[in-house]
Amino acid sequence: MKDLATKQIGRKEFMNLVLGMTGLGLGLTTVAAGCGGGSSPSGGAAGMSGTGTNACADRAPTDTIATNHGHTLNVTQPDVASGVLKMYSIMGTATHDHTVSITSTSFDTLKGGQTITLTSTTNNNHSHSITVVCA
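All of the points below concern the structure found in this document. (Residues numbered from 1 in each chain as written. Predicted model: local features only at pLDDT ≥ 70, side-chain atom pairs only at ≥ 80, totals over all residues. Heavy atoms only, no water.)

It is worth spelling out the overall build of the chain at this point. From N to C terminus, the chain includes three helices and six strands. The N-to-C order of helical and strand elements in the chain reads α-β-β-α-β-β-α-β-β. Split into buried and exposed, the 135 residues of the chain put 35% on the buried side. Expressed as a percentage of contacts within the chain between residues at least 6 apart in sequence, the contacts between residues at least 24 apart total 52%. (Helix = DSSP H or I, 4+ residues; strand = E, 2+ residues; numbered from the N terminus. Buried < 20%, exposed > 50% of the residue type's maximum accessible area, 1.4 Å probe, protein only. Contact = heavy atoms within 4.5 Å.)

What follows is the structure, given as structure tokens:
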């Protein structure tokens, strides 16, 4: 593994590294969806008050759904900007649906450039861990 102590990496590279390490030996499959974006950070951490740089101002959030088999989550820039509690269906091409809710506090976290981790509802005897970030 590269010596990360001396290398600066962007949020997207960091998330790929962390998510890749999370799946080691666990049999997890992750599929990234959403807007790509560059690897350089677009904003520092802002307080929960919403002040500072809005990390989602110029790109839609990117999400990763663990143990995915066709589910998709589509969080848009307007969703983050409104900051209002929203429930999403993540059915995608799967044969069953799950839902996940993002709270106003979680939208503030995204605006501040931080990652949120959610758990979908349980359906078909399982749920999914979902990671969302504006990177």
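That covers the picture; the talk isn't over yet.
Turning our eyes to something else, we now look at the pairing of strand 5 (residues 116-119). Side chains Ile-116 and Leu-118 project from strand 5 onto a buried face, and the interleaved Thr-117 and Thr-119 project onto a face without burial. Here strand 5 runs beside strand 6 (residues 129-133); their pairing, made up of four bridges, is antiparallel. Residue pairing in the sheet places Thr-117 in a bridge with Thr-131 of strand 6. (Pairing = 2+ DSSP bridges.)

We now examine the environment of Thr-109. As for its placement among the helices and strands, Thr-109 is situated in helix 3 (residues 104-111). The exposure class assigned to Thr-109 is buried, which follows from its relative accessible area of 12%. A C-alpha to C-alpha distance of 9.7 Å links Thr-109 and Val-80, two positions 29 residues apart in sequence.

The next subject is the state of the cysteines. Within this structure, the stated rule accounts for one disulfide. Put simply, Cys-56 and Cys-134 are joined by a disulfide, and their sulfur atoms are 1.7 Å apart. Taking the sign of the S-S torsion, about 85 degrees here, the bridge from Cys-56 to Cys-134 comes out right-handed. Taken together, the residues Cys-56 in the loop between strand 1 (30-34) and strand 2 (62-66) and Cys-134 in the segment after strand 6 connect sequence positions 78 residues apart. Side by side, Cys-56 and Cys-134 carry an identical accessibility label, which is buried. (Disulfide = S-S within 2.5 Å.)

The next subject is the side chain of Arg-59. With respect to the helices, strands and loops of the structure, Arg-59 is situated in the loop between strand 1 and strand 2. Side chain to side chain, Arg-59 and Asp-58 meet in a polar contact 3.1 Å long. (Polar contact = N/O pair within 3.5 Å; in protein donor to acceptor, adjacent residues only side chain to side chain.)

All right, on to the environment of Ile-65 then. Structurally, Ile-65 is set in strand 2. In sequence terms Ile-65 and Thr-117 are 52 residues apart; their C-alpha atoms lie 9.9 Å from each other.

Our next topic: the nonpolar core. Inside soluble globular proteins, nonpolar side chains tend to come together where they are buried. With 17 residues, the main nonpolar core has Leu-73 and Ile-130 as its most contacted residues. Those residues in contact with Leu-73 that lie beyond four places of it in its chain are Asp-63, Ile-65, Tyr-88, Ile-90, Val-100, Ile-130 and Val-132. (Core = buried A, V, L, I, M, F, W, Y, C linked by side-chain atoms within 4.5 Å.)

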